[in-house]
Amino acid sequence: MGESRAIICYLCDSYGSVPSLYPKDLQKRATVDAMLNFDLGTFSNSIGEFVGPQVMKKLPADKEKEEAMKVVLGKFDNALTGKQYATGKDLTIADFCLVTSLTLADCMPVQYDFSPWSNVTAWFKRMKALPYFEECNAPFYEFAKSMAETK
């Protein structure tokens, strides 16, 4: 198995001790699955297409790809309306996948300004405040920083 979202679902089903991360209730699970699919098919792609060339190839920001990403950020912002996390009041595996995608645009040299999307900004702040966020993401931020410093 090579797809991270399938792996995280499998791990939750096999070993999960926190049922809210990937609920057994089919209606709640469908909501989590919908956000996982949004991340896989839309969110991570739009962010990656905008950020990737800047970080990996040191190209300037592509305005067309930025506009496409802004549309997707707007969709995510709307989806977060009235919610603490991506699917409601509980943290789920969808949040972990979505924050991984958003972190791409938070790294150097991009450090994108998410302030036009208040729900996204508040959610990202909550995710960054999780006690394990920094430990889990420090290697990526260091990698991105080293890429930005490499000529």
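Structural data are supplied above this passage.
Below is a summary of the structure that appears in this document.

## Concerning the layout of surface pockets
(1) Moving on: One number sums up the size of the largest pocket: a volume of about 240 Å³.
(2) Moving on: Lining of the largest pocket is provided by 16 residues; of these, Phe96, Cys97, Val99, Thr100 and Asn137 occupy positions nearest its centre.
(3) Moving on: For the lining of the largest pocket, the secondary-structure elements that each account for two or more residues are helix 1 (4-15), helix 2 (26-56), helix 4 (93-106) and helix 6 (133-149).
(4) Moving on: Of all the elements, helix 4 adds the most residues to the lining of the largest pocket, at six residues.
(5) Moving on: In the lining of the largest pocket, the residues fall into nine nonpolar, five polar and two charged.
(6) Moving on: Here the second largest pocket defines a volume of roughly 200 Å³.

## A few points about the side chain of Asp77
(1) Moving on: Here Asp77 is to be found in helix 3 (residues 63-79).
(2) Moving on: Discounting chain neighbours no more than four positions away, the residues touching Asp77 are Trp117, Ser118, Asn119 and Val120.

About the cut-offs
- Residues numbered from 1 in each chain as written.
- Predicted model: local features only at pLDDT ≥ 70, side-chain atom pairs only at ≥ 80, totals over all residues.
- Heavy atoms only, no water.
- 1 Å grid on protein atoms, 1.4 Å probe; cavity = no way out; pocket = protein on both sides within 12 Å on 5 of 7 lines; lining within 4 Å.
- Points joined across faces, edges and corners; volume = space filled by probe spheres on them.
- Helix = DSSP H or I, 4+ residues; strand = E, 2+ residues; numbered from the N terminus.
- Nonpolar A, V, L, I, M, F, W, Y, C, P; charged D, E, K, R; others polar.
- Contact = heavy atoms within 4.5 Å.

Honestly, it's all geometry; don't read function into it.
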